Amino acid sequence: MKRVALALVVLLAFLTQSLAQDQTPDRSATGGAQTLEDIMKRQRGEAVDYDFRRNATGDPDSAAAISSQLGTLGGVSDPELWRALRYGSADITVSSGGEEATVLMQDGGMRWLAWRKGPLATYGAWLLGATILLLALFYLLRGRIRIDGEKTGRTITRFKAIERFGHWLLAGSFVLLALTGLLTLFGRLAIIPLIGKDAFAPLALASKWIHNNVAWAFMLGLVMVFVMWVAHNIPNKTDLKWIAVGGGLLKKGVHPPAKKFNFGQKMIFWGVIVLGVSVSASGLSLLFPFEMPMFAATFEKLNALGIPQLIGLGTLPTALAPHEEMQYAQLWHAIVAFVMMAMILAHIYIGSIGMEGAYDAMGSGEVELQWAREHHGLWVKEVEEAERQAGTDAKNALPAE
Ligand code: HEM
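Source: prediction; values computed, not measured. (Residues numbered from 1 in each chain as written. Predicted model: local features only at pLDDT ≥ 70, side-chain atom pairs only at ≥ 80, totals over all residues. Heavy atoms only, no water.)

So what exactly am I meant to see when it comes to the site of the ligand here?
The environment of the ligand is made up of 22 residues, and the closest members are Arg158, His167, Gln265, His347 and Ala361. For the ligand, a nitrogen atom lies 2.8 Å from a polar atom in the side chain of His167. Within the side chain of Gln265, one N or O atom sits 2.4 Å away from an oxygen atom of the ligand. When contributions to the shell around the ligand are tallied by element, the ones reaching two or more residues are helix H6 (161–195), helix H9 (263–287), helix H12 (322–351) and helix H13 (359–363). Per element, the largest residue contribution to the shell around the ligand is five residues, and it comes from H6. A per-class count over the shell around the ligand returns 16 nonpolar, five polar and one charged. (Near = heavy atom within 4 Å. Polar contact = N/O pair within 3.5 Å; in protein donor to acceptor, adjacent residues only side chain to side chain. Helix = DSSP H or I, 4+ residues; strand = E, 2+ residues; numbered from the N terminus. Nonpolar A, V, L, I, M, F, W, Y, C, P; charged D, E, K, R; others polar.)

Have a look at this one:
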C-alpha cells in the first residue's frame, strides 16, 4: 500500500511538472515582453519559443504606424518596428542592392557563428592533428618505403615538363590557400594571443588578398591536371589486385602490378578533382557574395533523391535567405578544404619522405627504372613496348641501302 501511494505521488509530481512546462509562461509582469526566465533559458542554451515577440509587430496600416510618429525630433521609440526589423518582417524599401539589402538583422547569423567557432574549428583541427599523428605512426612502424631490388642506374621519364608544371601550379596554390585559409579560421584563437591584434591585422589582410587571388591558379592547375591525367585514372581490373594486398604499403617486397597510376593514386586524383571542384564552386560563391546562391537548389535535389532523409538529417531547408546561402557556402567550403588538407598531407608524405625515389617523378621527371618496375610495372612495359615500336618504325622508315 505504501509503495502504491509513493508511486502515485511520483506520478503526480511528474504530471504537474509536465503541465507546468506546457503552459505559456506568465509575462504579465513585463507587459508581454520577455521575462528574466526567457533570458536565462536562452543563456542556458535551451530553446525559447519567440513567437510572442516575433508576432508582436503591430499593424503597419494602423494610425499609430511609424510614418505617423515621425516628428521634428525623429521617430518615437517604436518597439514594434524594431521587433519587425529584428525578425525580418519589416517592410523595407532599398534604393540599391538586391533582396539581401532588405535584411538588417539575421537570426541565422548567430547559429553560423557558433558553428564556425565551435564544431568546424574543433573537428577540423582534430582531423588535421590525427592525420599528422597517423602518418608519424606509419613512419615509425613501416619506415621509409625503399626500392627493394638492385638499382639499375638508368632512368625512365615519368612526367613531362608540362605535367610537372600543372602539378606544381596546383600544389603550390593549394598550400598557399590552405595556410591562408587556416590563418583566417584560427587567427583569432591561435595567432592574436601570440602577436597581438596590431601585428595580426596586416597579416590577415595579406592572407585574404593571397587567398582570393591565388584561387584562380588553383582552378587552372585543377583543369590542367584533370585534362592531362583523367585517361590514366579510370578504374580497371588491375586495381583489384592492388586493393587485395593493400598496395604493398604495409609489407616490404610486395609490389602489385599497376599502370601509370595505381589505385591509391586514383583515389587521390578523384578526391582532388571532386573536392577541388566543390571547394572552387563554394569559393566562387563567397568571392561574389549573393551572386551565386547554390545551396537551396542543391538541397531541393538532395531532398528529392531522399538522401538527407536516409541519413537521418530530415528534409533540408529549401527556402534560404541570401545570407543563409552565404553561411552554408562558408561552412561547406571549410569542411571540404579540411578533408582535402588531410588527404593531401598523406599524399605529400608518400610523395616525399615516405617513399624512396617517388619525389624524382615530380622533381626532375626522371625516375630510377627499378623504382618504376616495382611500383608501376605494367606502365614500364607499355613505355618499353612503345619505344620498341617507335624504334622499329624508325628503322622501317630508313631508306633501303
Ligand atoms: C606540396 C607537396 C607535394 C609533393 C611533394 C607532391 C609529390 C607528388 C609526386 C612525387 C607525385 C607523382 C607520384 C608518381 O610518380 O606516381 C604526385 C602526383 C600527384 N599530385 Fe602531388 N605533391 C604535392 C602536393 C600536391 C597537392 C597540394 C596536390 C593537389 C591539391 C597534389 C596532387 C597530385 C595529384 C592529383 C597527383 C597524381 C596522382 C598521384 O600520384 O597521387 N599534389 N605528387
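How do you make sense of the pattern of salt bridges when you look at a structure like this?
One side chain can pair with another of opposite charge once the charged atoms of both are near each other. Considering all chains together, one arrives at 12 salt bridges under this definition. Residue Asp38 pairs with Arg27 through a salt bridge whose shortest N-O separation is 2.8 Å. Remark: Arg27 occurs in the loop between helix H1 (2–22) and helix H2 (36–43) and Asp38 occurs in helix H2; sequence separation between them is 11 residues. Exposure class is identical for Asp38 and Arg27. Each is buried. Measuring nitrogen to oxygen at the nearest pair gives 3.4 Å for the salt bridge that ties Lys252 to Asp148. Residue Lys252 is found in the loop between helix H8 (238–244) and H9, and its partner Asp148 is found in the loop between helix H5 (108–142) and strand E1 (155–157); the two are separated by 104 residues along the sequence. (Salt bridge = Lys/Arg side-chain N within 4 Å of Asp/Glu carboxyl O. Buried < 20%, exposed > 50% of the residue type's maximum accessible area, 1.4 Å probe, protein only.)

I tried to follow the nonpolar core on my own but got confused; where do I start?
The nonpolar side chains of soluble globular proteins are, as a tendency, buried together. Membership of the largest hydrophobic core comes to 47 residues, with the highest contact counts inside it found for Ile156 and Phe218. Going through the elements one at a time, H5, H6, helix H7 (197–229), H9, H12, H13, helix H14 (369–375) and helix H15 (377–397) are the ones with two or more residues in this core. The element best represented in this core is H12, accounting for 10 residues. Not counting residues up to four positions away in its chain, the partners in contact with Ile156 are Gly365, Glu366, Val367, Leu369, Ala372, Trp379, Val380 and Val383. (Core = buried A, V, L, I, M, F, W, Y, C linked by side-chain atoms within 4.5 Å. Contact = heavy atoms within 4.5 Å.)

Looking at this model, I keep getting lost on the coordination of the iron atom of the ligand. Mind explaining?
Octahedral metals with six donors have ideal donor angles of 90 or 180 degrees. Tetrahedral metals with four donors have an ideal donor angle of 109.5 degrees. Taken together, the protein ligands of the iron atom of the ligand are His167 (NE2) and His347 (NE2), with distances of 2.0 Å. Coordination at the iron atom of the ligand comes from six donor atoms whose angles at the metal span 85 to 178°, giving a geometry best classed as octahedral. Of this pair, His167 sits in helix H6 while His347 is found in helix H12, placing the two residues 180 residues apart along the sequence. You can call His347 partly exposed: its relative accessible area is 30%. (Donors = N, O, S within 2.8 Å, 3.2 Å for Na, K, Ca; no water. Tetrahedral: all angles 85-135°; square planar, octahedral: opposite > 155°, others 65-115°.)

Mind showing me how you'd approach the packing of H5 against H6 here?
Two quantities define a packed helix pair, namely the angle between the helix axes and the distance between the axes. Following both chains from N to C, one finds H5 and H6 inclined at 125°, their axes separated by 11 Å at the closest point. Between H5 and H6, the angle is such that the two are oblique. Here H5 runs over H6; the crossing is left-handed. Taking contact as the criterion, the partners of Arg116, Leu120, Ala121, Ala125 and Leu128 in H5 are, on H6, Leu182, Thr184, Leu185 and Phe186. Grouping the constituent residues of the contact of H5 with H6 by class yields seven nonpolar, one polar and one charged. (Axes fitted to C-alpha atoms, helices over the stretch in contact; angles between N-to-C directions. Parallel < 35°, antiparallel > 145°, perpendicular 65-115°, else oblique. Left-handed = near helix turned anticlockwise from the far one by under 90°.)

Before we go on, may I ask you to explain unusual backbone geometry in this structure?
Most peptide bonds take the trans configuration, and most residues that are not glycine carry a negative phi. Even without glycine at this site, Phe290 takes up a positive phi of about 70°. Residue position: Phe290 is located in the loop between H9 and helix H10 (295–305). The exposure class assigned to Phe290 is partly exposed, which follows from its relative accessible area of 31%.

Would you take a moment to explain the side chain of Glu325 for this structure?
Mapping Glu325 onto the fold places it in helix H12. One buried charged side chain, Glu325, makes no salt bridge at all; its nearest oppositely charged neighbour is Lys301, positioned 11 Å away. A polar atom in the side chain of Glu325 sits 3.1 Å from the backbone nitrogen of Met294. Leave out the neighbours within four places in its chain, and Glu325 touches Pro293, Met294, Phe295, Ala296 and Leu320. (Lys, Arg positive; Asp, Glu negative; His and termini not counted.)

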